[in-house]
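Results of the structural survey
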Amino acid sequence: MALPVEIFKSSFKLLSVMLITIVTYNPEEDFVAGIIKKIREKEERVKILVVDNHSTRKPLNKVQFLSDYFIPFDKNYGLGKAYNKATEVAKELGEDYIMFLDQDTTILDNFAPSKVVREAKELKDRVSPLPIILSVNIDNALIDKEIPNSNFYTARGVVNSGMILNVDYALRQPFLESLFLDRLDNEYTYRAEKFGYLPLVYRERMILHKPGERSKYYSRLCGKLLVALMLMLHRNDKDREKYKQYGYYSNFLRYYLMLRNDIYLWFRGKIYSSFWKMIIGDIFIMCEVLGYRKSAKWIFRAIKYGLLGDLEKDNQKLFN
């Protein structure tokens, strides 16, 4: 897809330190506009790109006006394609780093990704190889260990929102577009780990982002069985309340994509072998959300496409 230069605009004058990308799909426009304004307030030396995955509710005129660059896709291609396109744009603009933010992310007052990149570069003599995946979203990171005399932890995984990537690495290792949305971050960081790169997570929380639209308590028998299992497995965890809830999405296809993609990745060794536990949890949650009869149909479909691997065909049926 060629870069649509005619929709680009920029009055940027300062030397940029990175391209911050927000991918949107039918967002709350005022909230996204608020994200952009907050970024401007906290970081002057960044450029902001919005990639819109063919929103259908209304034109995003305010977002387009506030951003430096705006790319509207002609259909919903998914998050992976949007990230890969943004990386190509970052390279064309001469950026060394690109940051991704979800459309529902809250920017905190200490937001300073340029500081994170600067401090990460200073670690190059102590961390080998050079850090290429960073994150300012410590709440949603699988922390491994602290790096002495620094503000970083190594992690076994980070989520998309708040992730900062080295552009050259991201071009060599693009996101797996066929996943469409869910588990992109899990697959990406696992692949990086196999190449010897562990994500580095900054100690300070700079954004707020929670998976799901809200938390919801399990109510069906299948959900309560999952809760009982989780409490038994995590009996020593003091925060037991979190196991009684799940991230709720109004569109059940999010749960379907999680299950399908988990099966696809686990069956092909593209994710940690322990992800079979996630697959079991996905099935219980599908049952909780859809009920027994309806969930059975979608569970079998997820197994079919996850095992066969024809995700693009499934995506076209689901989203086009």
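Residues numbered from 1 in each chain as written. Predicted model: local features only at pLDDT ≥ 70, side-chain atom pairs only at ≥ 80, totals over all residues. Heavy atoms only, no water.

Some remarks on the overall build of the protein
Under the convention used in this document: Helix and strand assignments follow DSSP, with helices taken as H or I runs no shorter than four residues and strands as E runs no shorter than two, numbered in order from the N terminus. Each residue's exposure class comes from its accessible area (1.4 Å probe, protein chains only) as a fraction of the maximum for that residue type: buried when under 20%, exposed when over 50%, partly exposed otherwise. Contacts between residues were defined by any pair of non-hydrogen atoms, one from each residue, lying within 4.5 Å. Accessible areas in this description were obtained via Shrake-Rupley with a 1.4 Å probe; residue shielding takes into account the shown protein chains only. The positive count covers Lys and Arg only, the negative count covers Asp and Glu only, and His and the chain ends enter neither. Taken as the charge centre is NZ of Lys, CZ of Arg, CG of Asp or CD of Glu, depending on the residue.
Along its length, the protein carries 11 helices and 13 strands. Residues classed as buried in the protein amount to 52% of the 320 residues present. Considering only contacts within the protein whose residues lie at least 6 apart along the sequence, 75% involve residues at least 24 apart. For the protein, the accessible surface area stands at approximately 15900 Å², while carbon and sulfur atoms represent 53% of it. In the protein, the 50 positive side-chain charges and the 40 negative ones have mean positions that sit 5 Å from each other.

Some details on helix H9 (residues 276-290)
Here is the rule we go by: Given a helix with a known number of residues, its expected span is that number minus one, times 1.5 Å.
Its 15 residues give H9 an end-to-end C-alpha distance of 21 Å, which sits within 8% of 21 Å, the value for a rise of 1.5 Å per residue. Every buried residue of H9 is accounted for by Ile279, Gly281, Asp282, Ile285, Met286, Cys287, Glu288 and Leu290. Those residues of H9 that are buried lie in contact with strand E12 (214-217), helix H7 (221-233), strand E13 (245-248), helix H8 (253-267) and helix H10 (292-308). Following H9 by one or two positions, Gly291 adopts a phi angle in the positive range, close to 90 degrees.

Some thoughts on the confidence of the model for the protein
What counts here: A residue's pLDDT is the confidence the predictor assigns to it, expressed on a 0 to 100 scale.
Model confidence for the protein is summarised by a mean pLDDT of 92, while 94% of its residues fall at 70 or above. This stretch, residues 1-7, has a pLDDT under 50; its non-local contacts, to residues over four places away or in other chains, come to 15 contacts.

Looking at the pattern of salt bridges
Where we set the bar: The rule for a salt bridge is simple: a side-chain nitrogen of Lys or Arg has to be within 4 Å of a carboxyl oxygen of Asp or Glu.
Per the stated rule, a full pass over the model turns up 21 salt bridges. One connected set of salt bridges, linked through shared partners, spans Arg183, Asp262 and Asp282.

Comments concerning the packing of aromatic side chains
Convention followed: Pairs were defined over the aromatic rings of Phe, Tyr and Trp, the Trp ring being its six-membered one, requiring ring centres within 6.5 Å. Orientation was assigned from the angle between planes: stacked under 30 degrees, edge-to-face over 60, tilted for the rest. Charge over a ring is defined by NZ of Lys or CZ of Arg lying within 6 Å of the ring centre and within 35 degrees of the ring normal.
Applying the stated criterion to the full structure yields 15 aromatic pairs. Judged by centre distance (5.2 Å) and plane angle (90 degrees), the ring pair of Phe73 and Tyr77 falls under edge-to-face. Classification of Tyr77 by relative accessible area gives partly exposed; the value is 21%. Summarising the aromatic geometry, the rings of Phe252 and Trp298 are spaced 4.9 Å apart at their centres and angled 70 degrees between planes, so their arrangement reads as edge-to-face. With a gap of 46 residues between them, Phe252 in the loop between E13 and H8 and Trp298 in helix H10 connect regions that are remote in the sequence. Each residue in the set Tyr83, Phe100, Tyr169, Phe175, Tyr188 and Tyr197 is aromatic and connected to the rest through ring pairs, giving one cluster. Here Arg254 stacks its cationic end above the ring of Tyr249, 4.2 Å away from the centre of that ring. The cationic tip of Lys294 hangs over the ring face of Phe252; the distance from NZ or CZ to the ring centre is 4.9 Å.

Here's the deal with the nonpolar core
Under the convention used in this document: By nonpolar core is meant a set of buried Ala, Val, Leu, Ile, Met, Phe, Trp, Tyr and Cys residues that side-chain atoms within 4.5 Å join together.
Ranked by size, the top nonpolar core spans 41 residues in total, and within it Leu49, Ile98, Ile133, Leu165 and Phe175 carry the most contacts. Per element, the largest residue contribution to this core is 6 residues, and it comes from helix H3 (residues 79-92). Counting 34 residues, the second largest nonpolar core, distinct from the first, contains Ile20, Ile36, Phe111 and Leu123.

Quick look at H8
Relative to the 21 Å expected for 15 residues at 1.5 Å per residue, H8 spans 21 Å between its end C-alpha atoms, a close match to the ideal helical length. Most of H8 sits inside the fold, with 12 of its 15 residues counted as buried. Considering only its buried residues, H8 is in contact with helix H6 (184-194), E13, H9, H10 and helix H11 (311-319). Positive backbone phi, approximately 70 degrees, marks Gly269, located one or two places after H8.

Concerning the packing of H7 against H9
Put simply, the test is: Fitted lines through C-alpha atoms serve as axes, helices being fitted only where they are in contact, and the angles separating the N-to-C directions of these axes extend from 0 to 180 degrees. For a crossing to be left-handed, the near helix must be turned anticlockwise from the far one by less than a right angle; the clockwise case is right-handed.
For the pair H7 and H9, the least separation of the axes is 7 Å and the interaxial angle reads 145 degrees. For the pair H7 and H9, the sense of crossing is left-handed. Between H7, through Cys222, Gly223, Leu225 and Leu226, and H9, the contact on the second element is made entirely by Gly281, Phe284, Ile285, Cys287 and Glu288.

Digging into the environment of Leu308
Within the secondary structure, Leu308 is located in helix H10. When its relative accessible area of 61% is taken as the criterion, Leu308 is described as exposed. Spatially, the C-alpha atom of Leu308 lies 20 Å from that of Lys277, the residues being 31 residues apart in sequence.

Observations concerning the pairing of strand E2 (residues 47-52)
Selection rule: The criterion for strand pairing is that DSSP finds at least two bridges linking the strands in question. By the criterion used throughout, a crossover qualifies as right-handed when its path from the first strand across the helix to the second strand runs clockwise, the strands pointing away from the viewer.
Taken across its 6 residues, E2 has 6 buried, putting it largely inside the fold. Residues of E2 alternate between two faces, with Lys47, Leu49 and Val51 on one and Ile48, Val50 and Asp52 on the opposite face, all of them buried. One ladder, built from 6 bridges, connects strand E1 (residues 19-24) with E2; its direction is parallel. Its bridge partner lying in E2, Ile20 is registered against Ile48. This β-α-β element, E1 to helix H1 (residues 29-42) to E2, shows right-handed connectivity. Two elements, E2 and strand E3 (residues 69-72), share 4 bridges in a ladder whose sense is parallel. Across the sheet, residue Val50 finds its bridge partner in E3, namely Phe70.

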